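# Observations on chain architecture
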Amino acid sequence: MPTDTSRGRPAASRQANRFELSITPPAVQAGEDIRILPADAAARTELGDEDFWLFDDELVAVLRFGDSGVAGAALIDDPAAVARYRAIQHRALSVAVPYETWAARPPTG
């Protein structure tokens, strides 16, 4: 899920976020359910600071970052650990905003 904050990640990660946002509209038009988790909502929700991908509710890839972006991932398939990441995902989705709603917001600044 793209975020509108880098949460202290390296510049390469912020560039990746911009890239992800640039390809999001066609993905949404194709039927993807893409949501944005604004920084203020993330701060109010106990999500932790790990960045991860959840595959088929059975495998988690926890990303590791280096100075130039993603440096690797730890793969986790332990059912109890996967359940913990599913719970984090559920909390995130409960406060995330559908991309089209987020994109239609008035500009700030």
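It should be noted that the structure appears before, not after, this text.
This text gives an overview of the structure that appears in the document. (Residues numbered from 1 in each chain as written. Predicted model: local features only at pLDDT ≥ 70, side-chain atom pairs only at ≥ 80, totals over all residues. Heavy atoms only, no water.)

### So, the overall build of the protein
- If you tally the helices and strands in the protein, you get four helices and five strands.
- Taken from N to C terminus, the helices and strands of the protein fall in the order α-β-α-β-β-β-α-β-α.
- In the protein, buried positions account for 28% of the 109 residues.
- Across the protein, every contact between residues at least 6 apart in sequence was considered, and the portion connecting residues at least 24 apart equals 56%.
- Of the roughly 7200 Å² of accessible surface on the protein, 53% is carried by carbon and sulfur atoms. (Helix = DSSP H or I, 4+ residues; strand = E, 2+ residues; numbered from the N terminus. Buried < 20%, exposed > 50% of the residue type's maximum accessible area, 1.4 Å probe, protein only. Contact = heavy atoms within 4.5 Å. Areas by Shrake-Rupley, 256 points an atom, 1.4 Å probe, with all protein chains shown as cover.)

### What about the sheet that holds strand β3 (residues 59-66)?
- One open sheet accounts for three strands, arranged β2-β3-β4; its pairing is antiparallel. The open sheet has two edge strands with one neighbour each: β2 (52-55) and β4 (69-76). Averaged over all pairs of adjacent strands, the angle between their axes in this sheet comes to 25°, without regard to strand direction.
- Here β2 runs beside β3; their pairing, made up of four bridges, is antiparallel. When the sheet's bridge partners are listed, Leu54 is paired in β3 with Val60.
- The sheet strands contacting helix α3 (residues 79-95) are β2, β3 and β4, and the helix crosses β2 at an angle near 110°. (Pairing = 2+ DSSP bridges. Axes fitted to C-alpha atoms, helices over the stretch in contact; angles between N-to-C directions.)

### A short note on a nonpolar patch on the surface
- Among the surface-exposed residues, Trp53, Phe55, Leu59 and Leu75 lie close enough to one another that they form a single nonpolar patch of about 410 Å² accessible area.
- Mapping Leu75 onto the fold places it in strand β4.
- The exposed category is assigned to Leu75, whose relative accessible area is 61%. (Patch = residues over 30% accessible without salt bridge, like charges linked within 9 Å, V, L, I, M, F, W, Y side chains within 5 Å. Salt bridge = Lys/Arg side-chain N within 4 Å of Asp/Glu carboxyl O.)

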